[in-house]
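Structural overview for review
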Amino acid sequence: MSVDVAGPLLPLVPLLCGLLGLLLPAGDGAGPRRRIAAGLGIAGAAAALLLAIRLLVAGSEPFETGLEIARFGDFAVSFGVAISPAVVYVALAVSLVALLVQVYSVTYLHDDPRYAPYAAQVSLFTGAMLLVVTSHDLIVLLVGWEVMGACSYLLIGHDRRLPEAPAAAVKAFLVTRVGDVGFLLGIAVLITQAGSTRLDQVTTYPYDAGTLTAALLLILAGVAGKSAQFPLHTWLPDAMAGPTPISALIHAATMVAAGVYVVFRLYPLYEQSPAALAVLGLMAAITILLGALAATAQDDLKRVLAWSTVSQIGYMTAALAVGSPAAALFHLLTHAAFKALLFLAAGAVIHAVGSGLLSRMGGLRTSMPVTFWSFVIGLGALAGVPPLAGFWSKETVLTAAAHATEGTEPIPVWAGWVVWLAALLAVGITAWYATRLLLRAFFGVSREHGPEGPDWEIGFDDARYQVPRTPHDPPWPMRGPLLVLLVPSALLGLAAYAPGFRTSLELEDPHLGVAVALPMLLLVAGAGVAWWIWWAVPGADPALALGRARPLFADGFHLDAVQHRYVVVPVRYLARWVTTGDEKIVDAAVMGAGARTRGLGGLFAEVHRIALPGAALLVLLGGLVLGIVAWLGALA
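Everything in this summary refers to the structure shown in the same document. (Residues numbered from 1 in each chain as written. Predicted model: local features only at pLDDT ≥ 70, side-chain atom pairs only at ≥ 80, totals over all residues. Heavy atoms only, no water.)

Counting its regular elements, the protein chain contains 24 helices and two strands. Its C-alpha atoms put the protein chain at 115 × 60 × 55 Å along the principal axes. Buried residues in the protein chain amount to 55% of all 636 residues. Taking all contacts inside the protein chain whose residues are at least 6 apart in sequence as the whole, residues at least 24 apart take part in 79%. For the protein chain, the accessible surface area stands at approximately 26000 Å², while carbon and sulfur atoms represent 71% of it. Side chains of the protein chain give 35 positive and 39 negative charges; the mean places of these two sets differ by 8 Å. (Helix = DSSP H or I, 4+ residues; strand = E, 2+ residues; numbered from the N terminus. Buried < 20%, exposed > 50% of the residue type's maximum accessible area, 1.4 Å probe, protein only. Contact = heavy atoms within 4.5 Å. Areas by Shrake-Rupley, 256 points an atom, 1.4 Å probe, with all protein chains shown as cover. Lys, Arg positive; Asp, Glu negative; His and termini not counted. Charge placed at Lys NZ, Arg CZ, Asp CG, Glu CD.)

Listed below in structure tokens is the structure:
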């Protein structure tokens, strides 16, 4: 198959499989319907992966294909792809994680009566993400962007047995839609000024500086929503109410990285606007520290990983802010591997223990060795332990941030310092909470029934597995994806030494100098402090050392409450006033006009029904009046 054909088919095949899956007749989720749904889901992701591998093996020069599908005045919208080596690597990561999630889900959701629509929605999401990755048209990219949001809403609220799920789905949808308003307006400004919807023309058009900055800041609103960046990050921790494989796909490896990827594709415009980069850098610095500190105090395993994702996406946006889109893309790829590994391994733990709460785990190291080593590699990569993947990509971000403090990048020097210091401090914090998670889940003694007895608080996913069971590694359909993801989580960082990979991402040559000493010192200090607290008071939660700050961190600095008080409540109050005005003024005027018209019509109807002699008399009187009027007119 030629690359010209493989490129457009990359997003179309999973989209088609998803649509076919949605057309399956309703049933109980078992039998042939389930097998067909699983086959379509796995086939769509596998085909996308093979197409991505075909493009990677071809190794051709960047190319574009396009077919006009609509015209709006002077704007021609075309479906086409812009394929480059960087695009292929991102598509490869998306397709691989999607395939592993589909395989994993067959067993993880083995008793789910709504598995068929779930598999179809995962396929639709995969195709939409690949559309964002490959599209060369901003309008088509926007379509993929919005389809991702719709699929995310459906998949987060998939398990209706969990009371948190519908609320979390609505919250995710509304918060990301708020950002998408700015995203849409920013795209509208860019394409109307450039007179084209094609990315290559938009990114090369000479915009006025003020117009460009305004458009780029509007787009950052959408980026903050989709990529869970401050201040639109609050939906992501609650989104853990969705099935764990969805957390691995959407909220670790793909959708949350979409905003980063869009900025990557528009970066020729961003480097022309120091103000937009300064805002992006400040947003990234706050997000890095906010996510890391919130992760230190969580008891729910998936919420630890969720807040960690918020922080790590902040590293990617930080790399973009300090002028290194290559470092951002490199960390995006490594993060997709090790965070997908951690979420799928978390699903294995929840499946085995019957709870997602760290306070109900412990001592799992010997009974779940494969899952344990998955966490060791995944958390090591997350913390930046050499030579695992996260070490290399995080070092490229820190190096780029250090260079920005010298005034050699478009971002203001003060913003470069803010980003560098936040990224450095978060290295130690990340090592601390990663070590705490590992110790609490896999070391010490089992706390399966908890100090309060068996009637513990139910966490996310527990509605499926409320019966305690003997912990064990998951079956092979769930274990296989873990083993596959172990490889890139451990070794992908070494790709920085491969000339082809480095050239494709435009990475600088890797160099380990004195600058690496400070991050390593912070990493050792963070991990060491967590271990020392655990060793000094056996079985105690290291988070107890946070003292009075623990509730603040656990609640994400109460930003949810702040948003509720200063955004949700005023909007609801305004909505009540608008509703009252609509009902009492607008509707009253319309209804009143209708009532008066009906009354007047009734009066005329009564006149129309008058007796014949009376009617004849009225006609004659009317004729007499008209005659007098005509006579007076003639005299005048």
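Take the nonpolar core next. Trp-235, Tyr-270, Leu-333, Val-349 and Phe-375 are the most contacted members of the largest nonpolar core, which has 199 residues in total. Of all the elements, helix α15 (residues 325–353) adds the most residues to this core, at 21 residues. Residues within four places of Val-349 in sequence aside, it is in contact with Leu-301, Gly-354, Met-361, Leu-364, Met-368, Thr-371, Phe-375 and Phe-442. (Core = buried A, V, L, I, M, F, W, Y, C linked by side-chain atoms within 4.5 Å.)

With that out of the way, let us pick up the packing of aromatic side chains. Applying the stated criterion across every chain, the model contains 18 aromatic pairs. Considering the side-chain rings of Phe-372 and Trp-373, the 5.2 Å spacing of their centres and the 65 degrees angle between planes classify their relative orientation as edge-to-face. For Phe-372, a relative accessible area of 7% corresponds to the buried category. Geometrically, the ring pair formed by Phe-372 and Phe-443 is edge-to-face, given 5.8 Å between the ring centres and 70 degrees between the ring planes. Placement of the pair is Phe-372 in helix α16 (residues 369–383) and Phe-443 in the loop between α18 (413–442) and α19 (476–491), with a sequence separation of 71 residues. (Phe/Tyr/Trp six-rings, centres within 6.5 Å; stacked < 30°, edge-to-face > 60°.)

We now examine the packing of helix α5 (residues 138–156) against helix α6 (residues 164–194). Running from N to C, α5 and α6 point in directions that differ by 170 degrees, and their axes come no closer than 8 Å. Taken as axis vectors, α5 and α6 run roughly antiparallel relative to one another. Contacts between α5 and α6 involve Leu-138, Ile-139, Leu-141, Leu-142, Trp-145, Glu-146, Gly-149, Tyr-153 and Ile-156 from the first element and Ala-165, Ala-168, Ala-169, Val-170, Ala-172, Phe-173, Arg-177, Asp-180, Phe-183, Leu-184, Ile-187 and Ile-191 from the second. Class assignment for the residues of the contact of α5 with α6 results in 17 nonpolar, one polar and three charged. (Axes fitted to C-alpha atoms, helices over the stretch in contact; angles between N-to-C directions. Parallel < 35°, antiparallel > 145°, perpendicular 65-115°, else oblique. Nonpolar A, V, L, I, M, F, W, Y, C, P; charged D, E, K, R; others polar.)

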